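Structural overview
Listed below, chain by chain, are the residues.
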Amino acid sequence: MDSKQFREAAKQLVDYICDYHDNIRDRDVLPAVQPYFLEKQMPGSAPENGEPWTSVFNDIEKLIMPGMTHWHSPRFHAYFPTASSYPAILADMLSGALGCVGFSWISSPICTELEMSMMDWLGKMLHLPSEFLFSSHGKGGGVIQEAASESTLICMLAARSRAITKYSSSSSPKNKSPLNKLVAYCSTQAHSSVEKAALLSAVKIRSLDPDTNLSLRGETLERAIKDDREKGLIPFFVAASLGTTNSCAFDNIIEIGQICQKEDIWLHIDAAYAGSAFICPEYRHYLNGVDKADSFNMNPHKWLLVNSDCSALWVKNLNLISDAFNVDPVYLKYDKQGQIHDFRHLQIALGRRFRSLKMWFVFRLYGLNGLQQFIRKHIRLASEFKMMLQTDPRFQIEQPVVLGLVTFRLKGSDELNKKYAKAINDRRKIHISPCSINGRYTLRFVVCSRHTELEDIKFSWNEFKTVADQFPMENGFANH
Ligand code: PLP
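**Some thoughts on the pairing of strand 9 (residues 405-410)**
The element strand 9 is extensively covered by neighbouring structure, given that six of its six residues are classed as buried. Along strand 9, one buried face is formed by Leu405, Thr407 and Arg409 and the opposite face, lined by Val406, Phe408 and Leu410, is buried too. In the sheet, strand 8 (residues 395-397) pairs with strand 9 via three bridges, with the strands oriented antiparallel. From the neighbouring strand, Ile397 faces strand 9, where its bridge partner is Phe408. Summarising the sheet, strand 9 and strand 11 (residues 440-446) pair through four bridges and their orientation is antiparallel. Each residue of the ladder has a partner; that of Val406, found in strand 11, is Phe445.

Written as structure tokens, this is what we have:
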């Protein structure tokens, strides 16, 4: 493909992308395919000779779209949102075109420096303490990771390294290998990625019970730490959640932070979804206590209109990560090394894409006001859905609705709710995913798409009611 052909193909594809988004409501949100559907239709190997663009383009509708779950349909209400916006798509085009690999400053200085700048911009939108920002010229700063899971893992590995150094240097020979004594903590409501990070870090993890509001409290953590110290274990890491996946609950990071500081334990805050809302002054108070944290993470690629991947991780002392991960082969050395950050020391992979372009385009084209309006609209629409639920006695709302997530049940048994959720998803008009709250099977409704309007919420609500009509009263909810 030469540049002339590229221009034509790109224009055609841009038209296709716009039509896709403009007409996304015409497609069922879930595909009607079965596992291995593609195998039957795909040639078994790549073509010997290059094909014309038109035959690839035509296969998008034929082969790709039938297998798509349309995450940007306003009728997609599962999991949490994944962001998409035209400014971020444009930035991804440019990033692909520039195609640089920004592992060190010299490998593309702008790739490092724009990322530093964007992480500071976003940190300021969130009113993070200055210790987390590059502009304070201390040890802190932000780095884009691929995912919240990776951010937790990186911080846990850095905390592990810090703890090993600290406890290995103790005079007692018994303490020579503290790894098998290290213990991390989180709430039972924490995302599964915290448990996975502990598995990968080869450390113990204790999941602690939250209070009745599903918030992990300082007292519970303090008791667990005391118990574990008495058993000879070494508490070294706490992952607190702001906006849990199940119900968008908030751990009490003010209480937890005080304990972590007193006990010299790394506090990592996972606000993968909810973090975006903290750019609005009325939700910023959920972040109070972040000053006691060692690291804070939220995903602009979930709810801040920056297409995946873009997980923002701020660390108060970046040296703790680079010390844990530093390898320095000759082939990566350059003359100005050490004068500015090399992001390869702050992540697992060596290579990294020019992801900060997406933040730059999105932040400039929406502005803080535009981003705040977007967040507030989703929260308002979730509240509208909650009010619709409240008009129908067949449903009960499970947890307080704070942001864009509503947890609810059809009154009745877990079995009934499982069948109900399946029936909803089987129709493919809307898509929801379940969770477990206090051991009960619970339905989640999340406002996900940037296209969502009140009419879409009404459409989804109508779908919930229509399917509920197929579940007669005797199924149990009358007993509640
Ligand atoms: N933490 C929370 C609270 C989440 O809700 C999620 C995903 O939904 C994650 C972490 C994992 O996010 P990622 O896919 O970026 O690893």
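**With respect to the side chain of Ser241**
The residue Ser241 is located in strand 4 (residues 234-241) in this model. If we ignore the near neighbours within four places in the chain, the residues touching Ser241 are Ala190, Ala249, Phe250, Asp251 and Asp270.

**Looking at a nonpolar patch on the surface**
A cluster of nonpolar side chains, Val14, Leu90 and Met93, forms an exposed patch at the surface whose accessible area comes to about 250 Å². With respect to the helices and strands, Leu90 occurs in helix 3 (residues 86-98). Under the relative-accessibility criterion, Leu90 is labelled partly exposed at 45%.

**Points about helix 7 (residues 218-230)**
In this model helix 7 runs 18 Å from its N-terminal to its C-terminal C-alpha over 13 residues, within 8% of the 18 Å that 1.5 Å per residue would give. Phi turns positive, to about 90°, at Gly232, one or two residues after helix 7.

**Points about the site of the ligand**
The ligand sits among 13 residues. The nearest are Ala148, Ser149, Thr245, Asp270 and Asn299. Contact distances for the ligand include 2.8 Å between an oxygen atom and a side-chain N or O atom of Thr245. At 3.4 Å, a side-chain N or O of Lys302 approaches an oxygen atom of the ligand. In isolation the ligand exposes 390 Å². Once the protein is present, 84% of that is buried.

**A look at the domain arrangement of the chain**
Size of an interface, as often reported, equals the accessible area lost when the parts are brought together. By domain assignment, the chain separates into domain 1 (1-30 + 69-85 + 368-480) and domain 2 (100-354). When each unit is reduced to the centre of its C-alpha atoms, the spacing between domain 1 and domain 2 is 30 Å. Between domain 1 and domain 2, the contact holds 27 residues from the first and 27 residues from the second. For the pair domain 1 and domain 2, the summed buried area comes to about 2,400 Å², and 67% of that belongs to carbon and sulfur atoms. Counting across the interface, domain 1 meets domain 2 through one salt bridge. Between Arg376 and Glu282 there is a salt bridge; the shortest N-O distance is 2.6 Å. Among the elements of the structure, helix 11 (356-390), strand 9, strand 10 (433-437) and strand 11 are those that each provide at least two residues to the side of domain 1 that touches domain 2. Counting residues per element, the side of domain 1 that touches domain 2 draws most heavily on helix 11, which supplies eight residues.

**Comments concerning the sheet that holds strand 11**
Read across the open sheet, the four strands follow the order 8-9-11-10; overall the sheet is antiparallel. The sheet terminates laterally at strand 8 and strand 10, the two strands that pair on one side only. For this sheet, the mean inter-axis angle between neighbouring strands, taken without regard to orientation, is 45°. Two elements, strand 10 and strand 11, share five bridges in a ladder whose sense is antiparallel. What sits directly across from Ser433, in strand 11, is Arg444. Taken strand by strand, helix 11 contacts strand 8, strand 9 and strand 11, and its axis lies near 20° from that of strand 9.

**A few points about the nonpolar core**
Among the nonpolar cores identified, the biggest contains 73 residues, and Leu122, Leu126, Phe278, Phe296, Trp314 and Leu403 are the most heavily contacted of them. For this core, the element with the most residues is helix 11, which contributes nine residues. Both of domain 1 (1-30 + 69-85 + 368-480) and domain 2 (100-354) provide at least three residues apiece to this core. One finds Ala158, Tyr167, Leu313 and Val315 within the second-largest nonpolar core, a separate group that totals 32 residues.

**Quick look at the packing of aromatic side chains**
Across all of its chains, the model carries 23 aromatic pairs by this definition. Summarising the aromatic geometry, the rings of Phe395 and Tyr420 are spaced 6.2 Å apart at their centres and angled 55° between planes, so their arrangement reads as tilted. Here Phe395 is found in strand 8, whereas its partner Tyr420 is found in helix 12 (residues 414-427), with 25 residues between them in sequence. By the burial criterion, Phe395 is buried, and Tyr420 matches it. Through pairs of rings, three or more aromatic residues link up here, namely Phe385, Phe395, Phe408, Tyr420, Phe445, Trp461, Phe464 and Phe471. Its guanidinium or amino end placed over the ring of Phe459, Arg75 lies 3.6 Å from that ring's centre, counting from NZ or CZ. Directly above the ring of Phe80 sits Arg444, whose terminal nitrogen or CZ lies 4.9 Å from the centroid.

**A closer look at the environment of Leu200**
If you trace the backbone, Leu200 turns up in helix 6 (residues 192-201). For Leu200, a relative accessible area of 56% puts it in the exposed group. Taking the C-alpha atoms as reference points, Leu200 and Arg229, 29 residues apart in sequence, are found 23 Å from one another.

**Digging into the pattern of salt bridges**
A side chain of one charge can pair with a side chain of the opposite charge when the charged atoms of the two come close. Counted according to the given criterion, the structure contains 34 salt bridges. Among the ionic pairs, Glu115 bridges to Arg352, the shortest N-O distance being 2.6 Å. With Glu115 in helix 4 (residues 109-125) and Arg352 in the loop between helix 10 (319-325) and helix 11, this pair connects stretches of sequence that are 237 residues apart. No difference in accessibility class separates Glu115 from Arg352, as the two residues are buried. The salt bridge partner of Asp309 is Arg355, with a shortest N-O separation of 2.9 Å. On the criterion of sequence distance, the pair formed by Asp309 in the loop between helix 9 (300-303) and strand 7 (311-315) and Arg355 in the loop between helix 10 and helix 11 is long-range, its members being 46 residues apart. Looking at Asp309, the relative accessible area reads 13%, which means it is buried. Put simply, Asp92, Asp309, Arg353, Arg355 and Lys358 are held in one network by salt bridges that share partners.

What counts, and at which threshold
Residues numbered from 1 in each chain as written. Predicted model: local features only at pLDDT ≥ 70, side-chain atom pairs only at ≥ 80, totals over all residues. Heavy atoms only, no water. Buried < 20%, exposed > 50% of the residue type's maximum accessible area, 1.4 Å probe, protein only. Helix = DSSP H or I, 4+ residues; strand = E, 2+ residues; numbered from the N terminus. Pairing = 2+ DSSP bridges. Contact = heavy atoms within 4.5 Å. Patch = residues over 30% accessible without salt bridge, like charges linked within 9 Å, V, L, I, M, F, W, Y side chains within 5 Å. Areas by Shrake-Rupley, 256 points an atom, 1.4 Å probe, with all protein chains shown as cover. Salt bridge = Lys/Arg side-chain N within 4 Å of Asp/Glu carboxyl O. Expected span 1.5 Å × (residues − 1). Near = heavy atom within 4 Å. Polar contact = N/O pair within 3.5 Å; in protein donor to acceptor, adjacent residues only side chain to side chain. Domains from an automatic or database assignment. Buried area = accessible area lost by both parts, 1.4 Å probe. Axes fitted to C-alpha atoms, helices over the stretch in contact; angles between N-to-C directions. Core = buried A, V, L, I, M, F, W, Y, C linked by side-chain atoms within 4.5 Å. Phe/Tyr/Trp six-rings, centres within 6.5 Å; stacked < 30°, edge-to-face > 60°. Lys NZ or Arg CZ within 6 Å of the ring centre and 35° of its normal.

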